[in-house]
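# Observations on chain architecture
One letter stands for each residue in the lines below.
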Amino acid sequence: MKKTEQLGSYTLFWEDGVFPLGGDALALGAFSTVKPGWRVCDLGTGSGVLLLLLAQRAELSLTGIELDPLSAHTARNNLAANGLAGTVVCGDLRT
């Protein structure tokens, strides 16, 4: 079942099997310092929620790393659905 959550001007989508939206991501998205032009990399990006939250605050170069193929696909779709450019790599961050 597909779930949605409105995050300011962006909409987050995720399905069963993808780590759900949680308070930690919301807190980190609000707490993190970002400046226009910075490159950010979210390790274990899940649905890409942190990328969306940070993109609302400044124009950034967005990258996500995710081990789970379904989650990586979801994060890519979330960037595209919200008109954001970015890269989501499916793989083990240790390699």
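All values reported here derive from a predicted model rather than from experimental measurement.

## So, the overall build of the chain
For the chain, the count of helices and strands is 3 helices and 5 strands. The C-alpha atoms of the chain give 12 Å as radius of gyration, which agrees with the globular expectation for 95 residues (12 Å, within 12%). Counting every position in the chain, which comprises 95 residues, the buried fraction comes to 40%. Sequence-distant contacts in the chain: of pairs separated by 6 or more residues, those separated by 24 or more amount to 50%. Accessible surface, the chain as shown: approximately 5,600 Å² in total, 57% of it carbon and sulfur. Counting 7 positive and 9 negative side-chain charges, the chain places the centres of these two groups 7 Å from one another.

## Here we look at the sheet that holds strand 3 (residues 39–43)
One open sheet accounts for 3 strands, arranged 3-4-5; its pairing is parallel. Whereas interior strands pair on both sides, the edge strands pair on one side only; in this sheet they are strand 3 and strand 5 (87–90). Across the sheet, the mean angle from the axis of one strand to that of its neighbour is 15 degrees, orientation sign disregarded. Pairing of strand 4 (residues 61–66) with strand 5 involves 4 bridges; the strand directions are parallel. Note that in strand 5 the partner of Glu66 across the bridge is Cys90. Its contacts with the sheet place helix 3 (residues 69–81) against strand 4 and strand 5, and it is angled at close to 170 degrees to strand 5.

## Concerning the environment of Gly46
Relative to the helices and strands, Gly46 is located in the loop between strand 3 and helix 2 (49–55). Considering only alpha carbons, one finds Gly46 and Ser71, 25 residues apart in sequence, at a separation of 5.0 Å. In this structure, Gly46 is in contact with Val18, Glu66, Ser71, Ala72 and Ala75, ignoring residues within four places of it in sequence.

## Looking at helix 3
Its 13 residues place the ends of helix 3 18 Å apart at the C-alpha level, agreeing with the 18 Å of an ideal helix rising 1.5 Å per residue. Among all positions of helix 3, only Ser71, Ala72, Thr74, Ala75, Asn78 and Leu79 are buried. For helix 3, the arc enclosing every buried residue in end-on projection is 160 degrees, short of the 170-degree limit, so these residues lie on one face. Exposed residues pointing more than 90 degrees away from the buried face of helix 3 are listed as Pro69, Ala80 and Ala81.

Rules behind the numbers
Residues numbered from 1 in each chain as written. Predicted model: local features only at pLDDT ≥ 70, side-chain atom pairs only at ≥ 80, totals over all residues. Heavy atoms only, no water. Helix = DSSP H or I, 4+ residues; strand = E, 2+ residues; numbered from the N terminus. Rg over C-alpha atoms; globule rule 2.2 N^0.38 Å. Buried < 20%, exposed > 50% of the residue type's maximum accessible area, 1.4 Å probe, protein only. Contact = heavy atoms within 4.5 Å. Areas by Shrake-Rupley, 256 points an atom, 1.4 Å probe, with all protein chains shown as cover. Lys, Arg positive; Asp, Glu negative; His and termini not counted. Charge placed at Lys NZ, Arg CZ, Asp CG, Glu CD. Pairing = 2+ DSSP bridges. Axes fitted to C-alpha atoms, helices over the stretch in contact; angles between N-to-C directions. Expected span 1.5 Å × (residues − 1). Arc of directions from axis to C-beta.

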